[in-house]
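Summary of the model geometry
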Amino acid sequence: MQDDSLVEYGFRRVIVTITAIVCALLEIVDSTIVNVALNEMKGNLGATLSEVGWVITAYAIGNVIIVPMTSWLSQQFGRRNYFAASIIIFTVFSFLCGNATNIWELVFFRLMQGIGGGALLVTSQTIITESYPVEKRSMAQAIYGLGVIIGPTLGPPLGGYIVDNYSWPFIFYINIPLGIIATLLTLQFVKSPRYAEKRSASDVDWLGIALLAAFVGSLQYILERGHEDDWFDSKAIVVLTITAVVGFLLFIWRELTFKYPIVELRVLKNGNLRIGTVMSFILGFGLYGSTFIVPLYTQSILGWTALQSGALMIPAALTTAFMMPIIGKLLTKGVKQQLLVALGLLIFFIYSFWGYKIITPDTGKDAFFWMLIVRGMGLGLLFIPITSLSLSTLKGPEIGQGAAFTGMMRQLGGSFGIAAITTFISNRSQLYRSNLVAHLDVNDLDVQQRIAGLKASFMAKGMSADKALQSAYKILDYGVTKQATVLSYMDVFLYLGLMFLICIPFVLFVRERKGKGEKIDLSSVH
């Protein structure tokens, strides 16, 4: 069931598309822009590193809890009202974030901002998809994809620029004018679909909401904080793991037995959506994982500023932007989605392997350029085909529910990716460090000469002999740690690449389904 009254033409369609993309961008830029400002916040609010990490965690938890409910909330309040309300919540809490006086205030405001923001991403995707006629869907996904892929890349350089030239609250204030414009445009131009009937308060799946929040919130907490709290050595994490598992099982039982579920799990009967959901998870893993690891490496090992490492990612984003319309056209002409996804995975493998090859303790800026351009191409080939594959055979209200699934899995994939990568890097670098230290023998001539050379240069700078010797050992130690860290970064690139390579055969096995004539058999749903 395609509600044709939602399809827009001409000027209205342009306005609706721009509004939706601005909202998606607000949401996404805000999830990465903060990474650059953590140091400033830490000093300014007198917080520790792990407390400041909560600024990112809280936002992600808010996002992930609200995303699966968006489709239901749009039905409940009317899509236009809900979308406008989300933008208002997001904008108000952006203002409050900028005015926070201590770290926990900021964390609470970020949670609320995330709850407002989660809706922006998925609802804007649904709005764009439904504003275009069916044959132009791929193009609509391409336009939306532009926003989603450029967003995480714009965050760090923009944040770096704002923090260098102004102060950290401005990374939140920047949302305010955009939010106000987007709200006005939404109220004026966005339409609410007809197939949405309200439920009375007694029909609302309150238990489902509580279970969802418990399950997804705990999971996100475990992923974000696990590494710092030493995984299962921490009581909180053990308790939350149990909560997540029990919550998950009860949630599935509840959604399948309740008359009006808050998340329509039955949509996953659609085979294309199932595969798309899994692929979205992997895409999130790769997209957020690699967006996270490159700046981390350039800042911690190569000592670049936030602005420099953010600017490094821009050419890649522009490549993706350039690819998007081309891929939208290819899909509209009928090129198979699986082929494009497989090609994208292959290109992503090439990018990762390239990264594995060029990373050293002092890699130059130029070495990254083509490698990141390749990454941009790979992402372009993955994003739209995966999204349009997932939503290609869905009709009417299912589109919003499907978009909520892929959106949530992309978010969770990103959190899993970042948690896995941080843990992996710290474990591997300890391992490599002990291996390297084993080769440094005090009686070895090379080692003795190196220490003597360093000691002499420190003494030349006016240090006493024993102080100089200590400093020489410190430098040697620092060198070892740095080498070990670089080796573990190399491993991350290699394994990310292999993960994408392994996915290729699975993608090629997807059965081709024709979206036009296929009737989804509803008798099997209940």
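Residues numbered from 1 in each chain as written. Predicted model: local features only at pLDDT ≥ 70, side-chain atom pairs only at ≥ 80, totals over all residues. Heavy atoms only, no water.

Time to look at the overall build of the protein chain. From N to C terminus, the protein chain includes 18 helices and zero strands. Taking 526 residues into account, the globule formula puts the C-alpha radius of gyration at 24 Å, and the protein chain, at 25 Å, falls close to it. By principal-axis analysis of the C-alpha atoms, the protein chain measures approximately 85 × 50 × 45 Å. A burial count over the protein chain gives 55% of its 526 residues as buried. By sequence separation, contacts in the protein chain at least 24 residues apart represent 83% of the contacts at least 6 residues apart. By element, 67% of the accessible surface of the protein chain is carried by carbon and sulfur atoms, the whole surface being about 23000 Å². Distance between charge centres in the protein chain, computed from 40 positive and 33 negative side chains, equals 7 Å. (Helix = DSSP H or I, 4+ residues; strand = E, 2+ residues; numbered from the N terminus. Rg over C-alpha atoms; globule rule 2.2 N^0.38 Å. Buried < 20%, exposed > 50% of the residue type's maximum accessible area, 1.4 Å probe, protein only. Contact = heavy atoms within 4.5 Å. Areas by Shrake-Rupley, 256 points an atom, 1.4 Å probe, with all protein chains shown as cover. Lys, Arg positive; Asp, Glu negative; His and termini not counted. Charge placed at Lys NZ, Arg CZ, Asp CG, Glu CD.)

For the structure on display, the rule yields two salt bridges. Measuring nitrogen to oxygen at the nearest pair gives 2.8 Å for the salt bridge that ties Arg433 to Asp477. Linking Arg433 in helix α16 (residues 397–439) with Asp477 in helix α18 (residues 465–508), this pair joins segments that are 44 residues apart in sequence. Residue Asp477 is classed as partly exposed on the basis of its relative accessible area, which comes to 36%. (Salt bridge = Lys/Arg side-chain N within 4 Å of Asp/Glu carboxyl O.)

By secondary structure assignment, the location of Ile149 is in helix α6 (residues 137–165). Residues Ile149 and Phe383, 234 residues apart in the sequence, show an inter-C-alpha distance of 8.3 Å. Apart from residues no more than four positions distant in its own chain, Ile149 is found in contact with Thr320, Met324, Leu379 and Phe383.

Turning our eyes to something else, we now look at the side chain of Asn175. Turning to its location among the elements, Asn175 is positioned in helix α8 (residues 175–189). Those residues in contact with Asn175, other than ones at most four positions away along the chain, are Leu26, Asp30, Phe90, Thr91, Ser94 and Gln113.

Here α6 spans 41 Å end to end across 29 residues, near enough to the 42 Å set by a 1.5 Å rise per residue. Of all the bends found along α6, the most pronounced is centred on Gly151 and spans about 35°, while Pro152, a proline, follows it within four residues. Most of α6 is tucked away: 21 of the 29 residues are buried. (Expected span 1.5 Å × (residues − 1). Bend = angle between axes of the 7 residues up to and from the residue.)

Here we take up the environment of Trp206. For Trp206, the location among the structural elements is in helix α9 (residues 206–225). Sequence separation between Trp206 and Ile384 is 178 residues; the distance between their C-alpha atoms is 34 Å.

Counting 63 residues, the largest nonpolar core has Val294, Leu345, Tyr351, Phe368, Leu372, Leu382 and Phe383 as the members making the most contacts within it. Apart from residues lying up to four places away in sequence, Phe383 is in contact with Tyr144, Gly145, Val148, Ile149, Leu283, Met324 and Arg410. Ile66, Val216, Leu273 and Phe405 belong to the second-largest nonpolar core, a separate cluster that totals 30 residues. (Core = buried A, V, L, I, M, F, W, Y, C linked by side-chain atoms within 4.5 Å.)

Before going further, it helps to examine a nonpolar patch on the surface. A contiguous nonpolar patch, built from Leu207, Phe232, Val238, Ile242, Val246, Leu250 and Trp253 and spanning about 670 Å² of accessible area, is present on the exposed surface. When residues of the nonpolar patch are assigned to their parent elements, the largest contribution, five residues, is made by helix α10 (residues 235–257). Tracing the sequence through the fold places Val238 in helix α10. (Patch = residues over 30% accessible without salt bridge, like charges linked within 9 Å, V, L, I, M, F, W, Y side chains within 5 Å.)

Per the counting criterion, the structure on display carries 14 aromatic pairs. Ring geometry for Phe348 against Phe500: centres 4.5 Å apart, planes inclined by 40°, an arrangement best described as tilted. You can see Phe348 sitting in helix α14 (residues 337–358) and its partner Phe500 sitting in helix α18, a full 152 residues away along the chain. Centre to centre, the rings of Phe424 and Tyr495 are 5.6 Å apart; their planes meet at 85°, and the pair counts as edge-to-face. Of the two residues, Phe424 sits in helix α16 while Tyr495 sits in helix α18, which places them 71 residues apart along the sequence. Through a chain of ring-to-ring contacts, the aromatic side chains of Phe95, Tyr166, Phe170 and Tyr173 assemble into a single cluster. A cation sits over an aromatic face here: Arg110 above Tyr59, 4.1 Å from the ring centre. (Phe/Tyr/Trp six-rings, centres within 6.5 Å; stacked < 30°, edge-to-face > 60°. Lys NZ or Arg CZ within 6 Å of the ring centre and 35° of its normal.)

Before going further, it helps to examine helix α15 (residues 365–391). If you check α15, its first and last C-alpha atoms are 39 Å apart, about what 27 residues at 1.5 Å a residue would give, namely 39 Å. Of all 27 residues in α15, 21 are buried, a share of seventy percent or more.

Our next topic: the confidence of the model for the protein chain. Scored by pLDDT, the protein chain has a mean of 77; 91% of the residues are at 70 or more. Note that pLDDT drops below 50 for residues 515–526; the model gives that stretch 13 contacts with residues more than four away or on any other chain. (pLDDT = per-residue confidence, 0-100.)

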